[in-house]
Amino acid sequence: MNNQLLADLLYPNITKTPADYENIYPKRALDDNAEVMRIAPSPTGFIHLGNLYGALADERIAHQSNGVFFLRIEDTDNKRLVKGAVETIISTFDYFKIEFDEGAEVKNNNGNHYGPYYQRQRTDIYQAYAKDLVRKGLAYPCFCDEEHLKQQRTKQQELKITTGYYGPWAVCRNLDFELIKANIEANKSFVIRLRSNGDPKIKHSFHDEIKGDITVIENDQDVILLKADGIPTYHFAHAVDDHLMHTTIVLRGEEWLGTLPIHLELFKALNHPLPKFAHTSQLMKMDNGIKRKLSKRKDPELSLDYYRQLGYHPDAVKIYLMTLLNWNFEEWFLKNPDADITAFKFSVNKMGQSGALFDLDKLNNISKTFLSKKEPEEIMMYLKNFVQENDASKMDIYFKDEAYLLQILNLGMGTNLKKRRKDYIYASQILASIAYYFDDVYQPSYDFIFDKSLCIKIIEAFIANYDHRDDNAQWFDKLKAIATQFNIAAEMNDYKNNPDAYIGNISELAEVLRVATTGYKNTPDLWSIMQIMQEKRVLTRLHQALDTLNGKM
RNA sequence: GGUCCGUUGGUGAAGCGGUUAACACACCAGAUUCUCAAUCUGGCAUACACGGGUUCAAGCCCCGUACGGACUACCA
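As the structure is a computational prediction, the values presented were derived from the model and not from experiment. (Residues numbered from 1 in each chain as written. Chains lettered and ligands numbered in written order. Predicted model: local features only at pLDDT ≥ 70, side-chain atom pairs only at ≥ 80, totals over all residues. Heavy atoms only, no water.)

## Examining the overall build of chain A
Defined as follows: Secondary structure follows DSSP: runs of H or I at least 4 residues long count as helices, runs of E at least 2 residues long count as strands, and numbering of each begins at the N terminus. Note that the radius of gyration is over C-alpha atoms, with the globule rule given as 2.2 Å times the number of residues to the power 0.38. Only protein chains enter the accessibility calculation, which uses a 1.4 Å probe. A residue is then buried if its area is under 20% of the maximum for its type, exposed if over 50%, and partly exposed in between. Between two residues, a contact is recorded if the distance between any of their heavy atoms is within 4.5 Å. His is not counted here, nor are the chain ends, while Lys and Arg score as positive and Asp and Glu score as negative. The location of each charge is read from NZ of Lys, CZ of Arg, CG of Asp or CD of Glu.
The secondary structure content of chain A amounts to 22 helices and 15 strands. For 553 residues, the compact-globule estimate of 2.2 N^0.38 gives 24 Å, and chain A exceeds it by more than 25% at 33 Å. Dimensions along the principal axes, computed over C-alpha positions, put chain A at roughly 110 × 55 × 40 Å. When the 553 residues of chain A are sorted by exposure, 52% land in the buried category. When contacts within chain A are restricted to residue pairs at least 6 apart in sequence, those whose partners lie at least 24 apart make up 73%. Here chain A holds 68 positive side-chain charges and 76 negative ones, and the gap between their average locations is 3 Å.

## Quick word on the nonpolar core
The test is simple: Buried Ala, Val, Leu, Ile, Met, Phe, Trp, Tyr and Cys residues form a nonpolar core when they are joined through side-chain atoms within 4.5 Å.
Of all hydrophobic cores here, the largest spans 174 residues; its most connected members are Phe236, Tyr437, Phe438 and Ile459. Here the element with the most residues in this core is helix 22 (residues 526–549); it accounts for 11 residues.

## What to know about the sheet that holds strand 1 (residues 36–39)
Quick reminder of the rule: Paired strands, as defined in this entry, are two strands with at least two bridges between them according to DSSP. Helix axes use the C-alpha atoms of the stretch in contact, all axes being lines fitted to C-alpha atoms, and the angles between their N-to-C directions lie in the range 0 to 180 degrees.
Spatial strand order, 1-2-3: three strands in an open sheet with parallel pairing. Strands with a single pairing partner mark the edges of an open sheet, and in this sheet they are strand 1 and strand 3 (102–103). Relative to strand 3, strand 2 (residues 68–71) is paired through two bridges, and the arrangement is parallel. Paired with Phe70 across the strands is Glu102, a residue of strand 3. Along the sheet, helix 3 (residues 49–64) contacts strand 1 and strand 2; its crossing angle with strand 1, the most-contacted strand, is approximately 160°.

## Here's the deal with the packing of aromatic side chains
Cut-off, in case you're wondering: Any Phe, Tyr or Trp ring, taking Trp's six-membered ring, that has another such ring centre within 6.5 Å forms a pair; planes under 30 degrees apart are called stacked, those over 60 apart edge-to-face, and the others tilted. Two conditions define a charge sitting above a ring: the NZ of Lys or the CZ of Arg must be within 6 Å of the ring centre, and it must be within 35 degrees of the ring normal.
Evaluated as defined, the whole model comprises 27 aromatic pairs. Each member of the aromatic cluster is reached from another via a ring pair, and the members are Tyr398, Phe399, Tyr404, Tyr436, Tyr437, Phe438 and Tyr520. Positioned above the aromatic ring of Tyr25 is the side chain of Arg122, whose terminal nitrogen or guanidinium carbon lies 5.9 Å from the ring centre. The aromatic ring of Tyr165 is capped on one face by Arg193, whose charged end is 3.6 Å from the ring centroid.

## What about the protein's contact with RNA strand B?
The line we're drawing: What makes a residue near a molecule or strand is one non-hydrogen atom of that residue sitting within 4 Å of it. The term polar contact refers here to a pair of N or O atoms within 3.5 Å; inside protein, the definition further demands a hydrogen-donor-capable atom paired with an acceptor-capable atom, and it admits residues adjacent in sequence only when both atoms are side-chain atoms. Any residue outside Ala, Val, Leu, Ile, Met, Phe, Trp, Tyr, Cys, Pro, Asp, Glu, Lys and Arg is labelled polar, Gly included; the first ten of those are nonpolar and the last four are charged.
In the neighbourhood of RNA strand B, 56 residues make up the surrounding shell, with Lys227, Glu330, Arg421, Phe476 and Asp525 lying closest. Sugar and phosphate atoms constitute 75% of the interface atoms of RNA strand B, taking the interface as everything within 4 Å of the protein. Within the side chain of Arg421, an N or O atom sits 2.3 Å from a base oxygen of RNA strand B. Within the backbone of Lys521, one N or O atom sits 3.4 Å away from a sugar or linking oxygen of RNA strand B. Breaking the surface near RNA strand B down by element, the ones donating at least two residues are helix 6 (146–158), strand 7 (212–217), strand 12 (290–293), helix 12 (329–335), strand 13 (356–357), helix 13 (360–372) and helix 21 (506–518). Here the residues of the surface near RNA strand B sort into 18 nonpolar, 11 polar and 27 charged.

## Comments concerning helix 18 (residues 452–465)
Our working rule: Expected helix span is given by 1.5 Å per residue-to-residue step, counting one fewer step than there are residues.
With 14 residues, helix 18 should reach 20 Å at 1.5 Å per residue; the first-to-last C-alpha distance of 20 Å fits that figure. Buried-residue contacts for helix 18 involve helix 19 (472–485), strand 14 (488–489), helix 21 and helix 22.

## Considerations on the packing of helix 11 (residues 314–325) against helix 13
How we decide: Orientation is classified from the angle alone, with under 35 degrees giving roughly parallel, over 145 giving roughly antiparallel, 65 to 115 giving roughly perpendicular, and any other angle giving oblique. The sense of a crossing depends on the near helix, which, turned anticlockwise from the far helix by less than a right angle, makes the crossing left-handed and, turned clockwise, makes it right-handed.
Look at helix 11 against helix 13: their axes get within 9 Å of each other, and the N-to-C directions meet at 130°. In terms of axis orientation, helix 11 runs oblique to helix 13. Crossing geometry of helix 11 relative to helix 13 is assigned as right-handed. Here helix 11 contributes Asp315, Ala316, Val317, Ile319, Tyr320 and Thr323 to the contact with helix 13, which in turn contributes Lys362, Leu363, Ile366, Ser367 and Phe370. Of the residues assigned to the contact of helix 11 with helix 13, the class counts are seven nonpolar, two polar and two charged.

## Notes on the side chain of Gln156
Among the secondary structure elements, Gln156 is positioned in helix 6. When its relative accessible area of 1% is taken as the criterion, Gln156 is described as buried. Not counting residues up to four positions away in its chain, the partners in contact with Gln156 are Ile161, Thr162, Thr163, Gly164, Tyr166 and Trp169.

## A closer look at the sheet that holds strand 5 (residues 191–194)
The strand order across the open sheet formed by three strands is 4-5-8, and the pairing between neighbours is antiparallel. For this open sheet the edge positions go to strand 4 (139–142) and strand 8 (224–226), each flanked by a neighbour on one side alone. Ignoring which end each strand starts from, the neighbouring axes of this sheet average 45° apart. When strand 4 meets strand 5, the two strands line up antiparallel, connected through four bridges. Counted as the bridge partner of Pro141 is Ile192 from strand 5.

## Some points on the packing of helix 1 (residues 3–10) against helix 5 (residues 123–135)
The geometry of helix 1 relative to helix 5 is characterised by a closest axis approach of 7 Å and an angle of 155° between their N-to-C directions. Looking at the two axes, helix 1 sits roughly antiparallel to helix 5. Here helix 1 runs over helix 5; the crossing is right-handed. Within the contact between the two elements, helix 1 uses Asn3, Gln4, Leu6, Ala7, Asp8 and Leu10 and helix 5 uses Lys131, Val134 and Arg135.

## Side note on the pairing of strand 9 (residues 249–253)
In plain terms, the rule: Whether a crossover is right-handed comes down to one check: with the strands pointing away from the viewer, does the path from the first strand over the helix to the second run clockwise; if it does, it is right-handed.
Within strand 9, five of the five residues are buried, which leaves the element mostly enclosed by the surrounding structure. Sheet topology note: the strand 9/strand 10 (residues 276–280) ladder contains five bridges and is parallel. Opposite Leu251, over in strand 10, you have Ala278 as the bridge partner. Handedness of the crossover is the feature at issue here: the chain leaves strand 9, passes through helix 9 (residues 260–270), returns alongside strand 10, and the resulting connection is right-handed.

## Re the environment of Ile125
Among the secondary structure elements, Ile125 is positioned in helix 5. Sequence separation between Ile125 and Val240 is 115 residues, and the spatial gap between their C-alpha atoms is 8.3 Å. Once you skip the residues sitting within four places of it in the chain, Ile125 turns out to touch Tyr21, Tyr25, Val240 and Leu244.

This is the structure in structure tokens:
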């Protein structure tokens, strides 16, 4: 069989050769230890935590080595293409401030020299490589239709042998040239398959940057390189693109470990030097005591939109992801609480080998600490962006008086305290926690500790004695006086020593006033809240509570 | 079914042959002359999946078992 003839028959219009492409995409001018990383999502419309997890690792490794980080869109499966998915990908990475040096839709002053970065636009390139493989006898056209393949698979399953297209099952492996020619002329649809010469009984040791030394068997599957529509499969596109784009470390999910033998054989067949491989562990979650992979359908927290909608700060999410990504990050961050995460020396070999369990509590804790370090002005801007993006109609409620908001945030964050408070987790939670300051969104649900009549008496006594000019001490003295009046312990120690002598304690009395003013049992310092609210609003609130207690509302 | 990967406390996770197995989160208790989800102090846990083996010595090496996961598509 004349392979050159076959190659020309299959792809008469492809004139460029791999050598041409080698010239078009020369080796990158980078330092020796610079790493070229890439993230290659397929535009299915769903971008998840795992994508960010990988992207963050890619970005750190590339940039801390003065390398390159690029975005490639793997749109080879036209059945799964979703409109607008690419925009979602870009905007999500943008929100989390993951910066690409080049790639799809990336603005780059130096030019995107290794594009196009959409695989559909690279069809000629793949076909040129496939043609070359055919010419070398390393690939061949296959005319088996899906029905035949399906039957074959069923048969293999019945025989309990490995399924697939290999060895004696690869019926198109040695077709007669004349037959192929006739088929082509009859417009029969075909795919291009690799002519594998591996033996799965042979095992090799392979070094994965994350997993360490692993065992891989040789591939013997005549995998499809180009599908009937001329578009490559993931495997072939990967072996061509990551070579031409000069990726130095292929970092991807561990679900690719199983197909690594195919990729290894492909790189060899194409005569492409092997990049390093790093297979990341899966993000897991605890579900009814079982550790399982996060699933798109069951776990809303897998979607990055979830964090965006609640208003988690992108940097906080990234810090959390870093703790999952590199086990020594957390300790470093504890020692360098104010350093930018880019100052951390990221290492691939310090990535976890087993599935990291996603822990929302920990994310929240990290988020609290992170936000507590911000200045109230920054928090305000952050809230502003959030409200603008998610609930623009409320802009006026929260931001019409920024000085007022700033006072609220100062108190809420405890900026005047020796140690700041860590109550704020994400934007929507902050807004909910300060809603009581704003009449338009204030919706109290009172839950008083004392019975109705006592609460009324306490609130009335407080109003009767209220003087907005009182300082904290004077204010508190008045509370004590009211307490004494109703046989409530004014001193906590007295109460503790003899609880039966009183009907309650000063803390409980304060709670009544706190609930009456804010609708909450837990708030920052009450006196300060009243100072911020101003006299008129305080009295309005107290009367509102009285009305409710008296059944007038 | 086959191939590969994994298994340290409630959770993340260090330790990679040699004292009481770090650290963090969560949790619990006490403290805090107003609460608290904040802060301080203290504590907690039947943690090295199981069974063999190698060794003076094993979470760490070897073998097997169990369990979990991934792959096994003209999907990525």
